[in-house]
Every structure is written in structure tokens, then in C-alpha cells.
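Understanding the architecture of this molecule
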Amino acid sequence: MTSNLSSSSALDEETARAEIYGLLALLFYQVPSSELLAQLRVAVTDAPVEGSFLEEPWRQLVEASRVSTDDDIAAEFNHLFGGVGKPEVYLYASHYMSGFLNDKPVARLREDLTALGLERDDSMSETEDHFACLCEVMRYLIAGDDVTVSNLTHQREFFAKHIQPWAQEMTEVIAKHPRAKFFGQLAEFTQAFLNIETQGFDLLT
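Residues numbered from 1 in each chain as written. Predicted model: local features only at pLDDT ≥ 70, side-chain atom pairs only at ≥ 80, totals over all residues. Heavy atoms only, no water.

1. Description of the overall build of the protein
Scanning the protein from N- to C-terminus turns up 10 helices and zero strands. What you see in the protein, going N to C, is helices and strands ordered as α-α-α-α-α-α-α-α-α-α. Burial analysis of the protein (205 residues in total) assigns 43% to the buried set. Within the protein, contacts between residues separated by at least 24 positions form 68% of all contacts whose residues are at least 6 apart in sequence. (Helix = DSSP H or I, 4+ residues; strand = E, 2+ residues; numbered from the N terminus. Buried < 20%, exposed > 50% of the residue type's maximum accessible area, 1.4 Å probe, protein only. Contact = heavy atoms within 4.5 Å.)

2. A few points about the packing of helix 9 (residues 167-176) against helix 10 (residues 182-202)
With their axes 8 Å apart at the nearest point, helix 9 and helix 10 run at an angle of 155 degrees to one another. Classed by the angle they form, the pair helix 9 and helix 10 counts as roughly antiparallel. The crossing of helix 9 and helix 10 is left-handed. Of helix 10, the residues touching helix 9 (which contributes Ala167, Gln168, Thr171, Glu172, Ile174 and Ala175) are Phe183, Gly184, Ala187, Glu188, Thr190, Gln191, Leu194 and Asn195. Looking at the contact of helix 9 with helix 10 residue by residue, the class counts come to six nonpolar, six polar and two charged. (Axes fitted to C-alpha atoms, helices over the stretch in contact; angles between N-to-C directions. Parallel < 35°, antiparallel > 145°, perpendicular 65-115°, else oblique. Left-handed = near helix turned anticlockwise from the far one by under 90°. Nonpolar A, V, L, I, M, F, W, Y, C, P; charged D, E, K, R; others polar.)

3. Concerning the packing of aromatic side chains
Taken as a whole, this structure holds 11 aromatic pairs when the rule is applied. When the centroid spacing of 5.4 Å and the interplanar angle of 90 degrees are considered together, the rings of Phe81 and Phe183 count as edge-to-face. On the criterion of sequence distance, the pair formed by Phe81 in helix 4 (residues 70-81) and Phe183 in helix 10 is long-range, its members being 102 residues apart. A residue is classified by how much of its surface remains accessible, and Phe81, at 13% relative accessible area, is buried. Owing to a relative accessible area of 0%, Phe183 belongs among the buried residues under this scheme. On the basis of an interplanar angle of 85 degrees and a centroid distance of 6.0 Å, the ring pair of Phe131 and Trp166 is categorised as edge-to-face. With Phe131 in helix 7 (residues 131-143) and Trp166 in the loop between helix 8 (152-162) and helix 9, this residue pair connects regions lying 35 residues apart in the sequence. Overall, Trp166 belongs to the buried group, its relative accessible area being 1%. Aromatic rings pair up to connect Phe28, Phe77, Phe81, Tyr96, Phe131, Trp166, Phe182 and Phe183 into one cluster. (Phe/Tyr/Trp six-rings, centres within 6.5 Å; stacked < 30°, edge-to-face > 60°.)

4. Some details on the environment of Val106
Examined against the element boundaries, Val106 turns out to sit in helix 6 (residues 104-115). Linking Val106 and Tyr92, residues 14 residues apart in sequence, is a C-alpha distance of 9.3 Å. Residues contacting Val106, with those up to four places away along its chain left out, are Ser94, Glu128 and Asp129.

5. Quick notes on the nonpolar core
Grouped together as the largest cluster of nonpolar side chains are 56 residues, with contacts concentrated most on Phe28, Phe131, Phe158, Ile174, Phe182 and Phe183. Per-element tally for this core: the top contributor is helix 10, with nine residues. (Core = buried A, V, L, I, M, F, W, Y, C linked by side-chain atoms within 4.5 Å.)

6. With respect to helix 3 (residues 55-66)
Working note: α-helix, 3.6 residues per turn, so residues spaced by three or four point in the same direction. Spanning 12 residues, helix 3 covers 17 Å between terminal C-alpha atoms, matching the ideal 16 Å at 1.5 Å per step. Within the span of helix 3, buried status applies to Pro57, Trp58, Leu61, Val62, Ala64 and Ser65. Looking straight down helix 3, one finds that the buried residues subtend no more than 155 degrees of arc, so they occupy a single side. (Expected span 1.5 Å × (residues − 1). Arc of directions from axis to C-beta.)

7. Topic: the side chain of Arg17
Along the chain, the position of Arg17 falls in helix 1 (residues 2-29). Not counting chain neighbours up to four residues away, the residues in contact with Arg17 comprise Met138, Ile142, Leu152, Gln155, Phe193, Glu197 and Phe201.

8. Some details on the pattern of salt bridges
With the rule as written, the count across this model stands at eight salt bridges. Across the salt bridge formed by Arg110 and Glu128, the nearest N and O atoms sit 3.0 Å from each other. With Arg110 in helix 6 and Glu128 in the loop between helix 6 and helix 7, the pair connects residues that are 18 residues apart, well separated along the chain. For Glu128, a relative accessible area of 10% translates into the label buried. Overlapping salt bridges, with partners in common, bring together Glu14, Arg17 and Glu197 in one network. (Salt bridge = Lys/Arg side-chain N within 4 Å of Asp/Glu carboxyl O.)

Here it is as C-alpha cells:
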């Protein structure tokens, strides 16, 4: 019985990890839809993973969604990440890792995606090194059906090469931005989640 409970708990945790990566991908990729924000506003504010350190940042994120209108959040997204010309905050790995967009980090990322049997969908408007796209890859590496691709080894390697070196800096920039209200809370939640991911992968080495 103890073995079955332990196995169930591990599966629940993996499901929660995949769902969090999926949520981050949706919230960072484009202006969040009204449907997504409506779901977030009625979300349970207990920890997504029982006993984790995510409970308080999750509660703050849900609260931020409740005190902001859809238009507020859309305007904030466009001010921070969109607009014409240089955005206030970049969401691309190459910017933080090399100082240039579409630089060597993107080429290395594409090589690794090809090795995993993954490729950019033609409908995507962003390059592969956009944070949302990287989160979607992590979601697949956790929840995909092909265990030769979706496994802890690939998760750890991909996270260490393509997310860990720069994503914390990105979240710090967002959190400190004076216009970042909802997305400031999202950045803090993301930061807490990435810290837990880093610690978890460190235990595997």
C-alpha cells in the first residue's frame, strides 16, 4: 500500500509540473484569453503541489488576476512585451545569453530540439527561444507519451542548457518593472517554480 501511495504521489507531482509549465506557456506567449483569466480567477489558492513553497506566490498571482480586468492585463502585456520596436522586457533566451536576438543560443536550441524529434510549428509567431516556447517543450518532456523522449534525463538537460542560465534574470527584470502588476506576480511565481525545479534537478546529479 505504501508503494502504491508513493507512486500515486509522484505521478500527481509530475502532472502538476506539466500543468504549471503549460500555464506559464499560455500566460507568457500572448495576451491571455478571457477564458484563461476567468479560470485563473476561480482557481483554488492552495499550493499547486501540496507542501511546496509555491503556495504564497500562487495565491498572490491568483489575487492579482482577480483585481485586474482583462483590459488591464492586455494593456500590461502589450506595454511590457509587445508594441512597435524594442519591448520593455525581452522574453528570449538569446537576448540574455548573448545580448542579441536570433543568435547562437537559438541555433544550439534548434539542434537540441531536432535531436528530440521536435520542430517549430509554422503557425508560431515567436522564435523557439521565447520563454513560452521553452515552457511548452518542458511540458512535453514531462507529459509526453514517448518515454524515450519524455523523461527526467532530457528534462534536466534541457532545463540546464536552455532555461536555467537566463530565466531567473528575466523574471527579476519583470518583477522590478514599475508597470508590472499582474505580470510582476506572474514573474515571482515563475521564479519560485524555477527555483524548485533547479533544486529538484540538482538532487538527480
